[in-house]
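Examination of the molecular architecture
Here are the chains, one letter per residue:
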Amino acid sequence: MKFNKSVFFIGIFFLVIIISNIYINKQLERKDKEQAYSLKKNIVTVAPVKENNEEVDVRSDEYQRKLREEMSAKYGIVITPDAQKPASAQEWEENLRNNFAQYNVLEGENAEKALKVMETNPQDYDKQMNHIDQSIAVVSEQLKQDPFNPQIAEQLENQYKLKAVGVILKEKVVSPDAPAMATEIMPEIK
Amino acid sequence: MKRTALKNEKGAALIMSYFVLIIFLVFTMGFALANTNELKQSTMYRDSASSFWIAEAGINRFMQNTSLLDAQNPLTLTIGSKNVILSKVDGATRVVTATSTYRGQERSIQIEYEPTPASIFNNTIATGFLPINPANTVSMNLSGLVAGYKVTGPSKLSGNYQHNGFFTGEAFNPPAITNVADQTQTTIKYPDANSSGAPDEFNDFVEFNRSRTDTAYANYNGEYSSEEVLYIPTNDTVNIYPQTSLVGKKMIFVHGATPGAGDVNVWFDSTWAANQNITIVSTGSVNYIQPLQSSSSNSKLNTISWDNYNEGAVLLSTHSGVTYTHASAYYGSIASLSRTNGNVFSNNGINLNLIAVWKEFSYSNPVDSAGNVPPGFKGLVTAPGAGYVSTPSNWKEI
């Protein structure tokens, strides 16, 4: 087989061109990579957004019913719709008695310690309950004169709550042996 | 003839010359391309560096004046002939971003500021004006019968204090600082949590608290774990009794759809347990009935309400914690000795209604040894621009 110089040189020629092109391309790619490292590109950071395909209507009756059940069962938290809110001291007392019993509010070692701090004698207790009764009478009169004042209505509701709590606590904290004045036991809880 | 012509080697030099010439030409073109690319990279690098330093200059402008974005956020600053856009987000931390674009090269720098307890936390009582006539005159009002109150620790009032009724009075030790013209010293505001451009709106209150308590919410910030928070979306009244299942909770947020909806009644305490620090937040009012946390239990029950705060007690009561209301605080019909160890912050004044009793407010530092305020108070501000340290804790390019 005879060596053909022309074919050889033509082959070399194309080979050099291909190698040159590859070399230049490699060089350009390397530069691009360097640029990516050295120059900050425009990066938009977006906080991760949780997918929530099922939009829950937390104000729906169904959701609220489940919420009431869950809060009551797990945490003893009672959610009362406005329409079912107690409207007098007696109703509050009944409502609280049920809830205190259902959730063991006044039971247990820690509760006993707390009730001990509140301990009072019958005279002081009667005096303080009389004050609440007087307040209820005064605020009720104010509400009659200004029946649409939400501030007064709120105040009266809070008086009812206090009265109800006072009545319920009577069996737990009133004792003839209790200090005459609450101030006497204050140093103990400092 | 043809075979002879192909066989001789005349003209080979010419072909070789062309061949060498073409090789040189290809190399020349290659190097020319490489150099052009190099020049392009250098120009981009130069423009990018310019952009970076313009952004850095913008950051420095903010560090020099941290109230720069209070009036307008975001803000475009011109530095030399270049522009930089500054923006900030006040949340659990303050994040300030400076972005500059120069000849198509954008660079952004971000710095972060840790929150700091506002100086208002140094007070036993800090309060704005009560919504009574004449307007903007009275901050604390006592009505009652043979009754009074005592405040131990610093107090700052936007207006005065007054008492009425039979044989009533008050005592401040040290004397209260009254008629404080600067509301930022007496009231607490919510930052622009929903980025609407206006701080201290109801929606800021909701966003701020929801992002800390609603674990299913897209913007939940994870400050507290799901075991430590409770999110209750309801317009009804929520009654919280002492329960062991609430031990370890940090925040409970009752979210009513409108301002004033979602009231909360807190009866006695939340747990009866020791070493608790829980904050109950409501878009409505918080009614604390017969508070009773023995201070020996080292527990705090803090409350935050968009609407009024009401407290009443028929028997001896003690309460430890921070009380903050965006509206007014009412101590209604406290009929026995009542003591608050902590702080009361009421943007719209404090009203006391006492009968034959003495109410005591004593200062207790709400900031713990690690510098943390109670849950739900971190990031609250007394004024736009306040509530964060003056030196950034973190720098990064984004």
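Now for a quick tour of the structure. Bear in mind that the values here come from a model prediction, so they are computed numbers and not experimental data.

Each value, and the rule that gives it
Residues numbered from 1 in each chain as written. Chains lettered and ligands numbered in written order. Predicted model: local features only at pLDDT ≥ 70, side-chain atom pairs only at ≥ 80, totals over all residues. Heavy atoms only, no water. Pairing = 2+ DSSP bridges. Helix = DSSP H or I, 4+ residues; strand = E, 2+ residues; numbered from the N terminus. Axes fitted to C-alpha atoms, helices over the stretch in contact; angles between N-to-C directions. Contact = heavy atoms within 4.5 Å. Salt bridge = Lys/Arg side-chain N within 4 Å of Asp/Glu carboxyl O. Buried < 20%, exposed > 50% of the residue type's maximum accessible area, 1.4 Å probe, protein only. Buried area = accessible area lost by both parts, 1.4 Å probe. Polar contact = N/O pair within 3.5 Å; in protein donor to acceptor, adjacent residues only side chain to side chain.

What follows deals with the sheet that holds strand β1 (residues 75-79) of chain B. All names here are of chain B. One open sheet accounts for 5 strands, arranged β1-β2-β3-β4-β22; its pairing is antiparallel. If you trace the sheet from one side to the other, it starts and ends with β1 and β22 (394-397), each paired once. Sheet twist, expressed as the average angle between the axes of neighbouring strands with direction ignored, equals 20°. Strand direction decides the pairing type here: strand β2 (residues 82-90) and strand β3 (residues 94-102), joined by 7 bridges, are antiparallel. Bridge assignment links D90 to a residue of β3, and that residue is R94.

All names here are of chain B. Here T340 lies in strand β19 (residues 338-346). Along the chain, T340 and S320 lie 20 residues apart, while their C-alpha atoms are 5.9 Å from each other. Sequence-distant contacts of T340, that is, excluding residues within four places in its chain, are made with E311, H319, K359, E360, F361 and S362.

All names here are of chain A. Taken as a whole, this structure holds 20 salt bridges over all chains when the rule is applied. The residue E157 makes a salt bridge to K85 at a minimum N-O spacing of 3.5 Å. Of this pair, E157 sits in helix α6 (residues 150-173) while K85 sits in the loop between β1 (78-80) and α3 (89-102); the two residues are 72 residues apart in sequence, bridging distant segments of the chain. Of the charged contacts, one joins K161 and E157 as a salt bridge, the two residues approaching to 3.2 Å between their closest N and O atoms. Of the two residues, K161 and E157 both sit in helix α6, 4 residues apart, roughly one turn of that helix. By the burial criterion, K161 is buried, and E157 matches it.

Taken together, the contacts link 74 residues of chain A with 75 residues of chain B. Both sides together, the interface formed by chain A and chain B hides about 6,500 Å², and carbon and sulfur atoms give 64% of it. In this assembly, chain A and chain B are joined by 1 salt bridge. The salt bridge involving A:R68 is made with B:D236; its shortest N-O contact spans 3.7 Å. Where chain A packs against chain B, one counts 15 residue pairs in polar contact (both at pLDDT 80 or more).

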